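Observations on chain architecture
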Amino acid sequence: GGRRTYTHSTISHIQSNTETASTSLLSLSTFDNPPSEMSEFQKRMRNIVTKATPTRRKTNGKIPKNLIKVTTLDEYKKIIGQTDQLVVVRFYAPWCKACKAIAPSFYRLAINYTDALFIDVPVTPENSNLHQGLGIASLPFGHIYHPTGGLVEEMKMSKKFFPAFARALKTYVDKNCNVEEYEEANAAKKVASDNYGIHGKSP
């Protein structure tokens, strides 16, 4: 609790240190120096600030107008049974990395084929019967329904298989599928019909 005393030499030393510190701070705030003459400390600080402000990627988060989300079996059956459009379905899970990877490609299909109806069907605890009833064994998975042929394609949609799915869709958009493909499609349609009555629109 005693009172601290300073000698003349101590005060001079403090003043000298203060002036040195002020000069250092002044040099840090001076922008006249070219970047090559910046101190290591200044460079480190600039790098920290730069890293703290990451560059945001520009993403187009717009959902195509012809794409809807369906979460219940009743809603799914109603849409498939009543529409006059070609219907393209993606079964996916929000936590599935493979599903997220192909989402932009699925959206591009919707943008390219505006006359078709695209449906996103996420897996939820409430609609597991929908996926089980349709025999969805893996995710992402795709269905294509023709307005008169019902379920005509059911395929894997992961990155490896997506090009084949896109080509299959194009054949129905271009209306050039052959009889053999139609016979195979009828067999796939029967599976869905037997399980949950997913018939597609009647001719």
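Along each chain, residue indices are assigned from 1 in the same order as the chain's sequence is written. Thresholds applied to this predicted model are a pLDDT of at least 70 for local features of residues and 80 or more for the giving and counting of side-chain atom pairs; totals over whole chains, interfaces and linings are not thresholded and use all residues. As a rule here, side-chain values come from all non-hydrogen atoms in the structure, and water together with hydrogens is ignored.

Thoughts on the confidence of the model for the protein chain
The predictor rates its confidence in each residue with pLDDT, a number between 0 and 100. On average, residues of the protein chain score 75 in pLDDT, and 56% of them are at 70 or above. Throughout residues 20-34 the model reports pLDDT below 50, and contacts reaching past four residues in sequence, or to other chains, amount to three contacts. Note on residues 48-59: pLDDT under 50 across the span, and zero contacts to partners over four residues away in sequence or across chains. Only heavy atoms matter for contacts: two residues are in contact if any of them lie within 4.5 Å across the pair.

Regarding the environment of Ile-144
Secondary structure elements are defined from DSSP: runs of H or I of at least 4 residues count as helices, runs of E of at least 2 residues count as strands, and each element is numbered from the N terminus. If you trace the backbone, Ile-144 turns up in strand 4 (residues 141-146). A relative accessible area of 0% places Ile-144 in the buried class. When the C-alpha positions of Ile-144 and Phe-118 are compared, they lie 9.3 Å apart, and in sequence the two are 26 residues distant. Those residues in contact with Ile-144 that lie beyond four places of it in its chain are Leu-86, Val-87, Gly-150, Leu-151, Val-152, Glu-153, Phe-165, Ala-168, Leu-169 and Tyr-172. Between buried and exposed lies partly exposed: a residue is buried under 20% and exposed over 50% of the maximum accessible area for its type, with that area taken using a 1.4 Å probe on protein chains only.

Side note on the sheet that holds strand 4
Spatially, 1-3-2-4-5 is the arrangement adopted by the five strands of the open sheet, whose pairing is mixed. With partners counted over all chains shown, the strands left at the sheet margins are strand 1 (67-69) and strand 5 (150-156), one partner each. Neighbour-to-neighbour, the strand axes of this sheet turn through a mean angle of 20°, independent of strand direction. Each axis is a line fitted through C-alpha atoms, taken for helices only over the stretch in contact, and angles between the N-to-C directions span 0 to 180 degrees. Strands strand 1, strand 2 (87-92) and strand 3 (117-122) of the sheet are contacted by helix 4 (residues 97-112), whose axis makes an angle of about 165° with strand 2. A pair of strands is considered paired only if DSSP assigns at least 2 bridges between the two.

Description of the nonpolar core
Core analysis: the biggest nonpolar cluster contains 20 residues, and Phe-106, Leu-109, Phe-118, Ile-144, Phe-162, Phe-165 and Leu-169 have the highest contact counts within it. For this core, the secondary structure elements donating two or more residues are helix 4, strand 5 and helix 6 (162-173). Element by element, the count of residues in this core is highest for helix 6, at six residues. Setting aside anything within four residues of it in sequence, one finds Phe-165 in contact with Val-88, Val-89, Leu-109, Gly-142, His-143, Ile-144, Met-155, Lys-156 and Met-157. Residues belong to a common nonpolar core when they are buried Ala, Val, Leu, Ile, Met, Phe, Trp, Tyr or Cys residues joined through side-chain atoms within 4.5 Å. Core analysis: the next-biggest nonpolar cluster, separate from the first, contains 17 residues, Val-70, Leu-73, Ile-80 and Leu-130 among them.

Notes on the packing of aromatic side chains
Aromatic ring pairs: the centre-centre distance and the angle between the two ring planes describe each pair. In this scheme Phe, Tyr and Trp rings, the latter by its six-membered ring, pair at centre separations within 6.5 Å, and the angle between planes marks the pair as stacked below 30 degrees, edge-to-face above 60, and tilted otherwise. One pass over the structure, following the stated rule, counts four aromatic pairs. With a centroid separation of 6.2 Å and an interplanar angle of 75°, the aromatic rings of Tyr-76 and Tyr-145 are classed as edge-to-face. Here the residue Tyr-76 occupies a position in helix 3 (residues 73-82), and Tyr-145 occupies one in strand 4, the gap between them amounting to 69 residues. For the residue pair Tyr-76 and Tyr-145, the accessibility class agrees, reading buried in each case. Aromatic pair Phe-162 and Phe-165: ring centres 6.1 Å apart, planes at 40°, arrangement tilted. With Phe-162 and Phe-165 both in helix 6 and three residues apart, this pair spans about one turn of that helix. For Phe-165, a relative accessible area of 0% gives the class buried. Members of the aromatic cluster, connected to one another through ring pairs, are Tyr-76, Phe-91 and Tyr-145. When the ring centre of Tyr-92 is taken as origin, the NZ or CZ atom of Arg-90, which lies over that ring, is 4.1 Å away. Criterion for a charge above a ring: Arg CZ or Lys NZ at most 6 Å from the ring centre, at most 35 degrees from the ring normal.

Thoughts on helix 3
Along helix 3, the residues classified as buried are Leu-73, Tyr-76, Ile-79 and Ile-80. With its buried residues spanning 135° around the axis, helix 3 presents them on a single face. Exposed and facing more than 90 degrees away from the buried side of helix 3 are Asp-74, Lys-78 and Gln-82. This arc corresponds to the set of directions leading from the helix axis out to the C-beta atoms.

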